[in-house]
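Okay, here's what each chain looks like letter by letter:
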Amino acid sequence: MRVLITGSSGQIGTNLALRLLAEGHTVFGVDRRVNPWTDRFPTLLQDLAAAHREFRSGIGGAPYPPCDVVVHLAANAKVHELVEHPHRALENINLTFNVLEYCRMNGLPIIFSSSREVYGDIHRYITEERNADFSFTESPYSASKISGEALIYSYARCYGLRYLIFRFSNVYGRYDNDIERMERVIPLFIRKIAGGEPVTVFGREKVLDFTYVDDCVEGIVRGLDRLMLGSVENRTINLAYGQGNSLVQMAELIGDALHVAPQIIVEPAKRPGE
Ligand SMILES: NC(=O)c1ccc[n+]([C@@H]2O[C@H](COP(=O)([O-])OP(=O)(O)OC[C@H]3O[C@@H](n4cnc5c(N)ncnc54)[C@H](O)[C@@H]3O)[C@@H](O)[C@H]2O)c1
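We now turn to the structure provided with this report. (Residues numbered from 1 in each chain as written. Predicted model: local features only at pLDDT ≥ 70, side-chain atom pairs only at ≥ 80, totals over all residues. Heavy atoms only, no water.)

A few words now on helix H7 (residues 247-258). Taking 1.5 Å of rise per residue, the 12 residues of H7 would be expected to cover 16 Å, and the 16 Å separating its terminal C-alpha atoms lies within 8% of that figure. All of the buried residues in H7 are Leu-247, Val-248, Met-250, Ala-251, Ile-254 and Gly-255. Seen along its axis, H7 keeps its buried residues to an arc of 160 degrees; they face one direction. Away from its buried face, by an angle of more than 90 degrees, H7 presents the exposed residues Leu-253, Asp-256 and Ala-257. (Helix = DSSP H or I, 4+ residues; strand = E, 2+ residues; numbered from the N terminus. Expected span 1.5 Å × (residues − 1). Buried < 20%, exposed > 50% of the residue type's maximum accessible area, 1.4 Å probe, protein only. Arc of directions from axis to C-beta.)

Pasting the structure below:
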């Protein structure tokens, strides 16, 4: 199949693209930055949040190549950064709108990367879907994912868009250690603990469901196969490991793997939006 991946220079996009290539599929990437990890598939450099009446590779450029399905991963994906710069949440909504318009104009199905963040206020200890409520939205990032989902549901109803939405949770592993661009807790802790530096945990009780990137990609690929077959469509699926670990446990596990006793500083969970 021919797969257009937005956000193809990011962690999940790069892993997904290489997996699809290895299975013999054709991949076309779109991102606003060059892929720092590989040049094994073409990447069109384009800001997808800008107004797009037509999807072409720049003014006067060639149209996108034909494809069978879009995997929409592009986003400003750092929760705390969007608390500081909320216009980046609006960019997320704009770029999802643009990608949906492209799908509508070309009759293409879409896979959308949502987030566990849509469940909102963690202090209510939500354990069931029916207790989740967007009026408890915790951050502009969550709001942008809820908006993206809502747009997709509306396009499904009004225009017959076929979709799968995956809600990811703390994906880690290969191609996530460009922490100068994007600080992620596991590579950050690995770097600090390996260097004998202390790590700070905000919230002793904070438990996160970390998902290894190959598991995440496996889920997306299975979703792609079924969406193309028509056997599963128009579903919203939590794609995670299914078991939480506290950040303190995670630091200890990293220490074990590196044979270093980690220095762990625990501070209250205080960062807004998380
Ligand atoms: N990694 C996780 O733990 C996690 C968890 C939940 C949801 N998600 C979602 O999954 C998707 C992929 O996550 P990731 O970890 O690979 O993120 P990432 O930051 O590594 O990749 C996102 C890519 O989108 C690109 N992008 C951002 N804005 C763009 C724009 N306007 N035009 C074109 N490209 C743009 C970035 O340049 C980047 O390469 C994101 O939508 C993210 O919100 C990720």
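Read on for the rest.
Another point: the packing of aromatic side chains. Per the stated rule, a full pass over the model turns up seven aromatic pairs. Look at Tyr-172 and Phe-210: their rings are 6.5 Å apart centre to centre, the planes differ by 85 degrees, and that puts the pair in the edge-to-face class. Of the two residues, Tyr-172 sits in strand S7 (residues 171-172) while Phe-210 sits in the loop between strand S9 (207-208) and strand S10 (211-212), which places them 38 residues apart along the sequence. The partly exposed category is assigned to Tyr-172, whose relative accessible area is 27%. In this structure Phe-210 comes out as buried when scored by relative accessible area, which is 10%. Put simply, the rings of Phe-28, Tyr-64 and Tyr-102 pair up and form one aromatic cluster. Its guanidinium or amino end placed over the ring of Tyr-159, Arg-104 lies 4.8 Å from that ring's centre, counting from NZ or CZ. (Phe/Tyr/Trp six-rings, centres within 6.5 Å; stacked < 30°, edge-to-face > 60°. Lys NZ or Arg CZ within 6 Å of the ring centre and 35° of its normal.)

Across the interface, helix H3 (residues 87-106) lies against helix H4 (residues 140-159) with an axial gap of 8 Å and an inter-helix angle of 20 degrees. By the criterion of interaxial angle, the relationship of H3 to H4 is roughly parallel. The two elements H3 and H4 meet at a crossing, and its hand is right-handed. From H3, Ala-89, Asn-92, Ile-93, Thr-96, Phe-97, Leu-100, Glu-101 and Arg-104 reach across to H4, where they touch Pro-140, Tyr-141, Ser-144, Ser-147, Gly-148, Leu-151, Ile-152, Tyr-155 and Tyr-159. Residue composition of the contact of H3 with H4, grouped by class: 10 nonpolar, five polar and two charged. (Axes fitted to C-alpha atoms, helices over the stretch in contact; angles between N-to-C directions. Parallel < 35°, antiparallel > 145°, perpendicular 65-115°, else oblique. Left-handed = near helix turned anticlockwise from the far one by under 90°. Contact = heavy atoms within 4.5 Å. Nonpolar A, V, L, I, M, F, W, Y, C, P; charged D, E, K, R; others polar.)

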